[in-house]
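These are the residues of each chain, in order.
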Amino acid sequence: MRPSSFLFLAAKPGGGRKVGMAQARSERALAEVLRKERMVLLRTWRLPGWVSSSKEMSLKDHAEMNEQLAQLLSRGVPLVEALEVTASVISAANKPRVERMRELVSSGSSFAEACRQVGSFDAVTIAVYRASERTGDLAGAAEQLARDARRRVRLGEKAKSLMIYPIIVLVITLAAAAALLTIVVPMIGAALREAQLELPVHT
């Protein structure tokens, strides 16, 4: 079940109300998330799917998440606790997604199934997770995926750099041509007129 977007009204612990937007699988799940923040859910409004403000995880986000999981799982930390720690250190935009993964895993879902349900994971990555869970080497798979994501990020940055160089050369060329046509050529023409030289027709 994919998460839905909610507009909610909640009571803050020190008094007062808070209006905000959040994503959750259901109103009960949203109430549980707010309870952890010491707020009480008062009312919710389910929003249309196109209103959703969640963004897909970038390659950099995938690399950071897999690096954290690889380090924690390789040290013997249980998967649920590893996801909890990962949610606390990953970017704020992806914290709700990792928290939903932790909830799914703690309720009995496999890690690969949790990734499939929250979205933003391609079929190949999910298949790698599923195979690693069968072999018991989820930490190794996460480490390999993190290295692959970092390598792809570096390749993307190099590609951007290679694209910038021709643009710089083109700008310099256009600037030089503009200076030649607007400054140099008129100066030469004025000098020739002053000298009153008889130039060949082709010149």
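The numbering scheme is per chain: residues are counted from 1 as the chain's sequence reads. Only residues with pLDDT of at least 70 get local features here, since the model is predicted, and only at 80 or more are side-chain atom pairs given and counted; chain-wide, interface and lining totals rely on the full set of residues. Side-chain metrics in this entry use all non-hydrogen atoms of the structure; hydrogen atoms and water are not considered.

*Asks:* Even after reading the chapter, I still don't get the overall build of the protein, so can you show me in this structure?
*Replies:* In terms of regular secondary structure, the protein is built from seven helices and three strands. Labels follow the DSSP assignment, with helices taken as runs of H or I lasting at least four residues and strands as runs of E lasting at least two, numbered in each case from the N terminus. Helices (α) and strands (β) of the protein occur, in sequence order from the N terminus, as β-β-α-β-α-α-α-α-α-α. Every radius of gyration here is taken over C-alpha atoms, with the globule rule written as 2.2 Å times N^0.38, N being the number of residues. Taking 17 Å as the expected radius of gyration for a compact globule of 203 residues, we find that the protein reaches 29 Å, considerably beyond that expectation. Expressed as lengths along the three principal axes of its C-alpha atoms, the size of the protein is roughly 95 × 50 × 30 Å. Here the term buried applies to any residue with accessible area under 20% of the maximum for its type, exposed to any over 50%, and partly exposed to those in between, with areas from a 1.4 Å probe on protein chains only. Expressed as a percentage of its 203 residues, the buried residues of the protein come to 29%. By the convention used here, residues are in contact when the closest approach between their heavy atoms is within 4.5 Å. When contacts within the protein are restricted to residue pairs at least 6 apart in sequence, those whose partners lie at least 24 apart make up 52%. The accessible surface values rely on the Shrake-Rupley method and a 1.4 Å probe; as for residues, cover is taken only from the protein chains in view. As presented, the protein carries roughly 13300 Å² of accessible surface, and 59% of it is formed by carbon and sulfur atoms. Residues scored as charged are limited to Lys and Arg (positive) and Asp and Glu (negative), so that His and the chain ends carry no count. The atoms used to mark charge sites are NZ of Lys, CZ of Arg, CG of Asp and CD of Glu. Once the 29 positive and 20 negative side-chain charges of the protein are each reduced to a mean point, those two points are 6 Å apart.

*Asks:* I keep staring at the sheet that holds strand E2 (residues 17–24) and nothing clicks. Help me out?
*Replies:* The strands making up a sheet are joined through hydrogen bonds of the backbone, oriented either antiparallel or parallel. Pairing between two strands requires that DSSP report at least two bridges joining them. Taken together, three strands build an open sheet; the order of strands is E2-E1-E3 and the sheet is antiparallel. Because the sheet does not close on itself, it has two edges, and the strands there are E2 and strand E3 (40–46). Neighbour to neighbour, the strand axes of the sheet diverge by 30 degrees on average, direction disregarded. With eight bridges joining them, strand E1 (residues 4–11) and E2 adopt antiparallel strand pairing. The axes used here are C-alpha line fits, helices contributing only the stretch in contact, and every angle between their N-to-C directions lies in the interval 0 to 180 degrees.

*Asks:* Just checking my understanding: could you explain helix H3 (residues 79–89) for this structure?
*Replies:* Along an α-helix, residues three or four apart share an orientation, since each turn contains 3.6 residues. Looking at H3, one finds that the buried residues are Leu79, Ala82, Leu83, Thr86 and Ala87. The arc enclosing the buried residues of H3, seen along the axis, measures out at 140 degrees, which places them on a common side. On the buried face of H3, the contacting elements are helix H2 (59–74), helix H4 (95–106), helix H5 (111–118) and helix H7 (138–195). What the arc measures is the spread of directions leading from the helix axis to the C-beta atoms.

*Asks:* Would you mind going over the packing of aromatic side chains with me for this structure?
*Replies:* For any two aromatic rings, the description comes down to two numbers: the centre-to-centre distance and the angle of the planes. Note on ring pairs: Phe, Tyr and Trp rings are taken, using the six-membered ring of Trp, and paired if centres are within 6.5 Å. Classes follow the plane angle, with under 30 degrees stacked, over 60 edge-to-face and the rest tilted. Inspection of the entire model under this criterion finds two aromatic pairs. A ring pair is formed by Phe111 and Tyr129, whose centres lie 4.8 Å apart and whose planes are at 75 degrees; its orientation type is edge-to-face. Pair noted here: Phe111 is in helix H5 and Tyr129 is in helix H6 (residues 123–135), with a separation of 18 residues, a long-range link. Take Phe111 and Tyr129: they sit in the same class, and that class is buried. Judged by centre distance (6.3 Å) and plane angle (65 degrees), the ring pair of Phe121 and Tyr129 falls under edge-to-face. In this structure Tyr129 comes out as buried when scored by relative accessible area, which is 0%. An aromatic cluster is built from Phe111, Phe121 and Tyr129, whose rings are joined through pairwise contacts.

*Asks:* Is there a simple way to explain the pattern of salt bridges in this structure?
*Replies:* Close approach of charged atoms lets side chains of opposite charge pair. Any carboxyl oxygen of Asp or Glu that lies within 4 Å of a side-chain nitrogen of Lys or Arg is treated as forming a salt bridge with it. Considering all chains together, one arrives at six salt bridges under this definition. Of the charged contacts in the structure, one is a salt bridge between Asp148 and Arg152, with a shortest N-O distance of 3.7 Å. Placement of the pair is Asp148 and Arg152 together in helix H7, with a separation of four residues, close to one helical turn. Overall, the relative accessible area of 25% leaves Asp148 in the partly exposed class.

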